[in-house]
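Chain residues, written in single-letter form:
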Amino acid sequence: MIVGMFSIISAGPLWTIALVIILQILVFKECISITSKGAQNEDLQHSSYLNWYFLATTLFYLEGRSFIKYTFSFLLGSSYTPSLALKLLIHHKFICYCMYVLGFVGFVALLRTNSLKAQFSQLCITHMLLIFVISQGYCIVNNIMHGMFWFLFPVGLVITNDIFAYLCGITFGKTQLISISPKKTVEGFVGAWICTTIMSILLTYIISNSYYFICPVNGTLSVNCLSGITCDPNPVFIEQIFTLPVDLAKLLGREYIYLKPIYLHSMVLATFASLFAPFGGFFASGLKRAVKVKDFGDTIPGHGGVTDRMDCQFLMGSFSYLYYEAFISTHQFNVGNLLQTIVINLSVEEILVLVTSLLNYLYKMGAIDEDVHNKIIELLI
């Protein structure tokens, strides 16, 4: 499993995103399977079809939005993209809304008076899964777009915390932490926090020294670890000067230190991975107890279902995404965002005026000569 995961990550962001989407679908399938026994008993076959319809609609809306955001400029300039496809991209939100309303109407039309409780329960479960699984999976996809570091590092923290929680638990564990998971102990919980925080420094050092991991996706997903990617790294990956507190400065004999800010951020992420992400696992344990099953499935031999391995990753992924947007992102305005804004909001005549104005500006700045300027203006007119 480890070799397979690193092989996919090395193959590039496109294949990593495909992996995340497949995992989302498998988790949704397992959770629906163990929670839809009531609908099965009521012989409501159409409920199963609606579950998958709502899943497809949500994936098309969320993952489609990320796809448009990061590849719009490429699609706009591609000779293989017909005008109809561009119109579909522009009206993506409206199309998704219509798809959802169609599913809603279908649900109401298929209501049966003798099975209302089972049908409404299934609808609520489906939407809960869309929020907890698919919406948080969308955050993980965006983490990949921000740079493979923001995908691989949070995943590594959860795995590290899980390992040390087990080791510290069997070594020092005496006090039960939570009743729905009797084997979880306070000692294991705290010990894993300390060990994960220490390991976060090592993981950051290993991952952050490669452009492949820290460079964001810019316009194309068809890159891999052998593509020789370079970029201007986010400031958090560049050494900066930090002034030490007076007492610590006296102790160390120096007033300043050089440090990459990402090391400080990594400890915050490690704290969340240790103190909050595990509750995703506790939630999954509670759900299994509620429906009286041992595992979500048997997809992974010896580990149970995919959900048994991913229960903490979704919560960690969504936090990493929001943390990045709040404290890491520089919110740079790029060509792709600008093109998307222009195409969606301006008419053809207004775009021609804009192009003409830009040509005049380039001519005045000396970027193009008079002959080129005049020829392009003639062609536009």
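All figures in this text were calculated on a predicted structure; none of them were measured in a lab.

(A) Up close: the state of the cysteines. Within this structure, the stated rule accounts for 1 disulfide. The side chain of Cys 215 participates in a disulfide bridge whose partner is Cys 231; the two sulfur atoms lie 2.1 Å from each other. Here the S-S torsion is close to -90 degrees, and the disulfide linking Cys 215 with Cys 231 is therefore left-handed. Separated by 16 residues along the polypeptide, Cys 215 in the loop between helix 10 (211–214) and strand 3 (240–243) and Cys 231 in the loop between helix 10 and strand 3 bring together distant segments of the chain.

(B) Geometry of the environment of Glu 30. On the secondary structure map, Glu 30 appears in helix 2 (residues 13–35). With a relative accessible area of 6%, Glu 30 lands in the buried category. Along the primary structure Glu 30 and Gly 305 are separated by 275 residues, whereas in three dimensions their C-alpha atoms are 7.3 Å apart. Not counting chain neighbours up to four residues away, the residues in contact with Glu 30 comprise Phe 296, Thr 299, Gly 305, Val 306 and Thr 307. Among the polar contacts listed, one links the side chain of Glu 30 to the backbone nitrogen of Val 306, at a separation of 2.8 Å. Among the polar contacts listed, one links the side chain of Glu 30 to the side chain of Thr 307, at a separation of 2.7 Å.

(C) The nonpolar core, seen in detail. Formed by 61 residues in total, the largest nonpolar core has its most connected members in Phe 149, Trp 150, Leu 157, Phe 213 and Met 316. A per-element tally of this core places helix 7 (residues 116–146) first, with 10 residues. The contact partners of Phe 213, leaving out residues within four places of it in the chain, are Ile 9, Gly 147, Met 148, Phe 149, Leu 152 and Ile 207.

(D) Examining a nonpolar patch on the surface more closely. Taken together, the side chains of Val 348, Leu 352, Val 355, Val 372, Ile 376, Leu 380 and Ile 381 make up a nonpolar region of the molecular surface, amounting to roughly 570 Å² of accessible area. For the nonpolar patch, the secondary-structure elements that each account for two or more residues are helix 17 (348–364) and helix 18 (370–380). Considering the arrangement of structural elements, one finds Val 355 in helix 17. Classification of Val 355 by relative accessible area gives partly exposed; the value is 32%.

(E) Spatial organisation of unusual backbone geometry. A positive phi angle is found at Lys 292, which is not glycine, with a value near 60 degrees. Relative to the elements of secondary structure, Lys 292 occurs in the loop between helix 13 (278–291) and helix 14 (306–310).

(F) Quick peek at the pattern of salt bridges. This structure, assessed with the given rule, holds 1 salt bridge. A salt bridge links Asp 308 to Lys 288, with the shortest nitrogen-to-oxygen separation between them at 2.9 Å. In this pair, Asp 308 is assigned in helix 14 and Lys 288 in helix 13, connecting sequence segments 20 residues apart. Residue Asp 308 is classed as buried on the basis of its relative accessible area of 8%.

Rules of the game
Residues numbered from 1 in each chain as written. Predicted model: local features only at pLDDT ≥ 70, side-chain atom pairs only at ≥ 80, totals over all residues. Heavy atoms only, no water. Disulfide = S-S within 2.5 Å. Helix = DSSP H or I, 4+ residues; strand = E, 2+ residues; numbered from the N terminus. Buried < 20%, exposed > 50% of the residue type's maximum accessible area, 1.4 Å probe, protein only. Contact = heavy atoms within 4.5 Å. Polar contact = N/O pair within 3.5 Å; in protein donor to acceptor, adjacent residues only side chain to side chain. Core = buried A, V, L, I, M, F, W, Y, C linked by side-chain atoms within 4.5 Å. Patch = residues over 30% accessible without salt bridge, like charges linked within 9 Å, V, L, I, M, F, W, Y side chains within 5 Å. Areas by Shrake-Rupley, 256 points an atom, 1.4 Å probe, with all protein chains shown as cover. Salt bridge = Lys/Arg side-chain N within 4 Å of Asp/Glu carboxyl O.

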